[in-house]
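Summary of structural features
What follows is each chain in one-letter form.
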Amino acid sequence: MSEMKTAVVAIGGNALIEPGKRVTYENQMRRIRGTSEQLVDLIQIGYDIVLTHGNGPQIGSILLQNELTRDEAPEMPLHALVGESQGLLGYMLQQSLSNELARRGIEKIAVSILTQVLVDEKDPAFVKPVKPVGKFYNQEQAKRLAVEMGWVFGYEKDEDAYRRLVPSPQPLKIIESKAIRRFIFGGEQQIELIIACGGGGIPVIRRGDRYIGVDAVVDKDLAACVLATDIKEKLLIMLTDVDYAYIDYGTERQRAIRNADVDEAERYLKDGHFGEGSMAPKILAALRFLQLGGERAIITSLSKLKDAVLKAEGTHITRVKNE
Ligand code: ADP
Ligand code: MG
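Read on for a plain summary of the structure. None of the values given here were measured: they were computed from a predicted structure.

Some words on the overall build of the protein
Secondary structure summary: the protein contains nine helices and 17 strands in total. Relative to the compact-globule value of 20 Å for 323 residues, the protein shows a C-alpha radius of gyration of 20 Å, a close match. Expressed along its principal axes, the backbone C-alpha trace of the protein runs to roughly 60 × 45 × 45 Å. Per-residue burial for the protein yields a buried fraction of 50% across its 323 residues. Contacts spanning at least 24 positions in sequence make up 74% of the contacts within the protein whose residues lie at least 6 apart. Put simply, the protein shows about 16000 Å² of open surface, and 48% of that area lies on carbon and sulfur atoms.

Points about the pairing of strand S1 (residues 5–11)
For S1, the buried fraction is high: six of the seven residues fall into the buried class. Judged from the seven bridges that link them, S1 and strand S2 (residues 47–53) form a sheet pairing that is parallel. When the sheet's bridge partners are listed, Val-8 is paired in S2 with Val-50. As for the winding sense of the linkage, the β-α-β connection from S1 through helix H1 (residues 25–44) to S2 is right-handed. In this structure, S1 lies alongside strand S12 (residues 235–240), joined through four bridges in parallel fashion.

As for the sheet that holds S12
The strands making up a sheet are joined through hydrogen bonds of the backbone, oriented either antiparallel or parallel. Strand order in the open sheet made by the eight strands is S3-S9-S2-S1-S12-S16-S17-S15, with mixed pairing throughout. Unpaired on one side and paired on the other, strand S3 (109–113) and strand S15 (259–261) mark the two borders of the sheet. Neighbouring strand axes in the sheet, compared pairwise and without regard to direction, differ in orientation by 20° on average. Strands in contact with helix H7 (residues 262–270) are S15 and strand S17 (315–318); relative to S15, the strand with the most contacts, it is inclined by about 95°.

Brief notes about the pattern of salt bridges
Going through the model one piece at a time under the given rule, you end up with 15 salt bridges. Between Glu-156 and Arg-163 there is a salt bridge whose closest N-O contact spans 3.9 Å. Assessed through its relative accessible area of 23%, Glu-156 is described here as partly exposed. Here Asp-221 makes a salt bridge to Lys-282, at a shortest N to O gap of 3.0 Å.

Quick notes on a positive patch on the surface
There is a patch of like positive charges on the surface, built from Lys-173, Lys-178, Arg-181, Arg-206, Lys-232, Lys-234 and Arg-319. One can find Lys-234 in the loop between helix H6 (220–230) and S12. Given the relative accessible area of 40%, Lys-234 is considered partly exposed.

So, the site of ligand 1
Near ligand 1 you find 18 residues, and of these Lys-220, Thr-240, Asp-241, Tyr-246 and Lys-282 are the closest. Here Thr-240 contributes a side-chain N or O atom positioned 2.7 Å from an oxygen atom of ligand 1. Taking Ser-278, its side chain carries an N or O atom lying 3.4 Å from an oxygen atom of ligand 1. For ligand 1, whose free accessible area comes to 580 Å², the fraction covered by protein is 80%. Those elements that provide at least two residues to the shell around ligand 1 are S12 and helix H8 (279–291).

Some points on the side chain of Glu-100
Within the secondary structure layout, Glu-100 lies in helix H3 (residues 78–103). Taking relative accessible area as the criterion, Glu-100 reaches 6% and is therefore assigned buried. Among the polar contacts listed, one links the side chain of Glu-100 to the side chain of Arg-104, at a separation of 2.8 Å.

Some details on the nonpolar core
Membership of the largest hydrophobic core comes to 47 residues, with the highest contact counts inside it found for Val-50, Ile-180, Leu-227, Leu-236, Phe-274 and Ile-283. When sequence neighbours within four positions are dropped, the list of residues in contact with Leu-227 reads Val-8, Val-50, Thr-52, Ile-174, Ile-180 and Cys-197. Counting residues in hydrophobic clusters, the runner-up holds 31 residues, among them Leu-16, Leu-39, Leu-51 and Leu-89.

Thresholds applied
- Here the residue numbering is sequential within each chain, running from 1 through the sequence in written order.
- Think of it this way: whatever chain is written first is A, whatever ligand is written first is 1, and the rest follow in order.
- Where totals are concerned, whole chains, interfaces and linings use all residues; where local detail is concerned, this predicted model gives features only for residues with pLDDT of at least 70, and gives and counts side-chain atom pairs only at 80 or more.
- The side-chain figures draw on all heavy atoms in the structure; neither hydrogens nor water molecules are used.
- Every helix listed is a DSSP run of H or I at least four residues long, and every strand listed is a run of E at least two residues long, numbered separately from the N terminus.
- Put simply, the radius of gyration uses C-alpha atoms, and a globule should come to 2.2 Å times the residue count raised to 0.38.
- Under the scheme applied here, a residue whose accessible area is under 20% of the maximum for its type counts as buried, over 50% as exposed, and between as partly exposed, the area being computed with a 1.4 Å probe on protein chains only.
- Whether two residues are in contact is decided by their heavy atoms, any of which lying within 4.5 Å being enough.
- To be clear on the numbers: accessible area is Shrake-Rupley with a 1.4 Å probe, and residue cover counts the displayed protein chains and nothing else.
- The rule for pairing is simple: two strands pair if DSSP sees at least two bridges between them.
- Handedness rule for crossovers: strands pointing away from the viewer, path from the first strand over the helix to the second running clockwise, crossover right-handed.
- With axes taken as lines fitted to C-alpha atoms, and helix axes fitted only over the stretch in contact, angles between N-to-C directions fall between 0 and 180 degrees.
- Basic side-chain nitrogens of Lys or Arg form a salt bridge, by our definition, when they fall within 4 Å of a carboxyl oxygen of Asp or Glu.
- Residues enter a patch when their relative accessible area is above 30% and they make no salt bridge; the linking distance is 9 Å between like charges and 5 Å between nonpolar side chains (Val, Leu, Ile, Met, Phe, Trp, Tyr).
- In this count, Lys and Arg are taken as positive residues and Asp and Glu as negative ones, while His and the chain termini are left out.
- Note that the charge is assigned to NZ on lysines, CZ on arginines, CG on aspartates and CD on glutamates.
- It suffices for a single heavy atom of a residue to lie within 4 Å of a molecule or strand for the residue to be listed as near it.
- What qualifies as a polar contact is a pair of N or O atoms within 3.5 Å, subject to a donor-acceptor requirement within protein and to the restriction that residues adjacent in sequence count only when both atoms come from side chains.
- Here, nonpolar core means buried Ala, Val, Leu, Ile, Met, Phe, Trp, Tyr and Cys residues that are tied together by side-chain atoms lying within 4.5 Å of each other.

Take a look at the structure:
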């Protein structure tokens, strides 16, 4: 059998909707078509990928729809809405990727898998929710919803309004990883391009011998790291809206990181070079992946994807340098 190259590829919000655009079906589909072309470029040069994706703008929209029609149609819990967003984006990605594969005569078909991610109900994140989601409310509404729904609210100064805060616990395990693994290492016979773990996965906790959904959101880069680890993948590629992770980002001294080993990346992280909630989780995901058996993590943009694997463009993080 010829050498199979495989990777877990995580795409961010900007791969799914053009920044600033309304989250309409057409706007998303247009963006996803472009994204599909770039991803299929990677497949065409011989990579089998498992694709994971964010869901920020989409879950925001779905939450709003739920909140605004609460009195007309029963509201669904957040974990169920994450499931909805996986279905919605999975559908769009699946159709668009399959169309692009067919257009190029590649005998593959995109298939999405609804994915649950295990979190610990004792995770400190549950005591201190930090992630703002959904609609803005005034103080009176926030107070009422806190009682009625048991929600926690945070005040947002810029808007002079309150927004629901949800926990963002650490992902521990991907429930469906064994099934996903069978697909990615299917070898030459494999025709499936798997989409999994959308929006960081549907957060579940274990109660006795059962899983149940919990209202939380899992960071998609950390979830991608756990997915890659669980399926014993060696390469994790995180695609975002910058070509590199930088040190001294946004200053005159800004410098692209082309190569870093674990120690270096850890030092940059500790020295505060990476934005909280944006680049820092990607670096953390890369570090954790490498510590748990991964060989290479790449952070770059969609447009540099092909050159990232062919010409070492983008930021490459490895256990030891130039591995
Ligand atoms: P995604 O949806 O892909 O996860 P994020 O906005 O969460 O996108 O993360 C990418 C953003 O991280 C970039 O647009 C950039 O503004 C920000 N960022 C923060 N620190 C850095 C850094 N040191 N190097 C590069 N980008 C950084
Ligand atoms: Mg992000």
